[in-house]
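# Coordinate analysis (summary)
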Amino acid sequence: RRFRRRVKTLPGASWPAWGGHITLVPAFVPTCPPQEVFDRVAQATGQFVAFRIRLAEAVAEGDITRPHFHTVFIQLDDPDSEDHQTLARLQKAIFAALAPVRDAAKPELDAVPFKPHLTLALGVGDSEAARLVNALRSEPMQAEFLVDAVWLVLRWPGEGRDPRVDRVPVPLAKPALPPSELPPGTLSD
């Protein structure tokens, strides 16, 4: 919620109506029923316990799907930490579990190394990207989140510009610490 409120104050930034997220597997069309997708993800996540991630630095990089434009995002603070390594292992497990049953919507994204982040702007020009990054660095958006589930995001075709979006949680095992022992400022929503 804090990110959604802050993004509203940043011209050029956006926040999905269905919520911010870290994409683990690029968009795809399943070659199997949705229940099999869920089952495959549940099996892949079954060995993972809840863990934390910390978001810290705003950056702009070239937009892979829109040449000559940029993407602005908040990236994880320490990619070498154990929690971030856990996120990378989780992503690999889910990606591998879904490989036999997915047709990539944008195959060029499958070749891009996993770089966990929250996207705040897509397809922006040089000056707009620089302006957004400067604004985000002047008042940093930092947060720590407890990852206790992954979410399947299902987009259904519909009338109008926006498709219907359903989110289905796939819980991880219980966190190593009870909520009362999590560090102050931990966000779990």
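Scroll up to find the structure this text is about.
Our subject in this report is the structure included herewith. (Residues numbered from 1 in each chain as written. Predicted model: local features only at pLDDT ≥ 70, side-chain atom pairs only at ≥ 80, totals over all residues. Heavy atoms only, no water.)

### Re the side chain of Gln91
Here is the rule: Only DSSP runs of H or I with at least four residues qualify as helices, and only runs of E with at least two residues qualify as strands; both kinds are numbered from the N terminus onward. The contact criterion used is simple: two residues touch if any of their non-hydrogen atoms lie within 4.5 Å.
Relative to the helices and strands, Gln91 resides in helix α3 (residues 82–98). When sequence neighbours within four positions are dropped, the list of residues in contact with Gln91 reads Leu24 and Phe114.

### Quick word on α3
Definition in use: Expected helix span is given by 1.5 Å per residue-to-residue step, counting one fewer step than there are residues.
In a regular helix each residue adds 1.5 Å, so 17 residues correspond to 24 Å; α3 covers 24 Å between its end C-alpha atoms and thus fits that length. If you follow the buried residues of α3, they end up packed against β1 (28–30), α2 (34–45), β2 (51–62), β3 (70–76), β4 (102–104) and β7 (149–156).

### Things to note about the packing of α2 against α3
What counts here: Lines fitted to C-alpha atoms define the axes here, with helix axes fitted over just the stretch in contact, and angles between the N-to-C directions of these axes take values from 0 to 180 degrees. By definition, turning the near helix anticlockwise from the far helix through less than a right angle yields a left-handed crossing, and turning it clockwise yields a right-handed one. The nonpolar class holds Ala, Val, Leu, Ile, Met, Phe, Trp, Tyr, Cys and Pro. Asp, Glu, Lys and Arg form the charged class, and all remaining residues, Gly among them, are polar.
Where α2 meets α3, the axes come as close as 9 Å, and the angle between the chain directions of the two elements is 145 degrees. Both α2 and α3 take part in a crossing whose hand is right-handed. Where α2 approaches α3, its residues Val37, Arg40, Val41, Ala44 and Thr45 are matched on the opposing element by Leu90, Ala93, Ile94, Ala97 and Leu98. Looking at side-chain class alone, the contact of α2 with α3 contains eight nonpolar, one polar and one charged residues.

### Here's the deal with the nonpolar core
The criterion, for reference: Grouping buried Ala, Val, Leu, Ile, Met, Phe, Trp, Tyr and Cys residues that are joined through side-chain atoms within 4.5 Å yields what is termed a nonpolar core. When a residue's accessible area, from a 1.4 Å probe over protein chains only, is under 20% of the maximum for its type it is buried; when over 50% it is exposed; and in between it is partly exposed.
The biggest cluster of nonpolar side chains holds 41 residues, and the ones touching the most others in it are Phe3, Val72, Ile74, Leu90, Ile94 and Leu136. Of the residues forming this core, the biggest block, six residues, is contributed by α3. Sequence-distant contacts of Val72, defined by excluding residues within four places in its chain, comprise Val59, Ala60, Leu118, Thr119, Leu120, Ala121, Val124, Ala129, Leu132, Val133 and Leu136.

### With respect to the packing of aromatic side chains
Condition: Centres within 6.5 Å make a pair out of two Phe, Tyr or Trp rings, where for Trp the six-membered ring is used; the pair is then stacked when the planes are under 30 degrees apart, edge-to-face when over 60, and tilted otherwise. Two conditions define a charge located above a ring, namely a distance within 6 Å from the ring centre to NZ of Lys or CZ of Arg, and an angle within 35 degrees of the ring normal.
Under the defined criterion, the tally for this structure stands at zero aromatic pairs. Against the face of Trp151 rests Arg167, its NZ or CZ located 4.6 Å from the ring centre.

### Some thoughts on the pattern of salt bridges
Pairing of side chains with opposite charge becomes possible as their charged atoms draw close. Rules: When a carboxyl oxygen of Asp or Glu lies within 4 Å of a side-chain nitrogen of Lys or Arg, that pair is called a salt bridge.
Enumeration according to the criterion identifies 10 salt bridges in this entry. Several salt bridges share partner residues, and in doing so they unite Arg52, Arg54, Asp77, Asp83 and Glu144 into one network.

### A closer look at a positive patch on the surface
Convention followed: Each patch is assembled from residues with relative accessible area greater than 30% and no salt bridge, linking like charges that lie within 9 Å and nonpolar side chains (Val, Leu, Ile, Met, Phe, Trp, Tyr) that lie within 5 Å. In this description, accessible areas are obtained by the Shrake-Rupley approach with a 1.4 Å probe, and a residue is regarded as covered only by the protein chains that are shown. For the purpose of charge, His is not counted, nor are the chain termini; Lys and Arg are scored as positive and Asp and Glu as negative. Taken as the charge centre is NZ of Lys, CZ of Arg, CG of Asp or CD of Glu, depending on the residue.
Taken together, the side chains of Arg2, Arg4, Arg5 and Lys8 present a region of like positive charge at the surface. Here Arg2 shows up in helix α1 (residues 2–8).

### Topic: unusual backbone geometry
The phi dihedral of His68 is positive, around 75 degrees, even though this residue is not glycine. Mapped onto the elements, His68 comes out in the loop between β2 and β3.

### Re the pairing of β2
The condition that has to hold: Paired strands, as defined in this entry, are two strands with at least two bridges between them according to DSSP.
Direction of pairing for β2 relative to strand β6 (residues 143–147): antiparallel, over a ladder of five bridges. Note that in β6 the partner of Ile53 across the bridge is Phe145. Two strands pair when backbone bridges link them, and β2 and β3 are joined in this way by seven bridges, in the antiparallel orientation. Each bridged residue has a counterpart across the sheet, and for Gly62 the counterpart in β3 is His70.

### So, the side chain of Thr86
Stated formally: Pairs of N or O atoms are called polar contacts if they sit within 3.5 Å, as long as, within protein, a hydrogen donor faces a hydrogen acceptor (for residues adjacent in sequence, only side-chain-to-side-chain pairs).
Tracing the chain through its elements places Thr86 in helix α3. Polar side-chain contacts of Thr86 include one of 3.0 Å to the side chain of Arg89. Aside from chain neighbours lying at most four places away, what touches Thr86 is Phe48 and Phe51.

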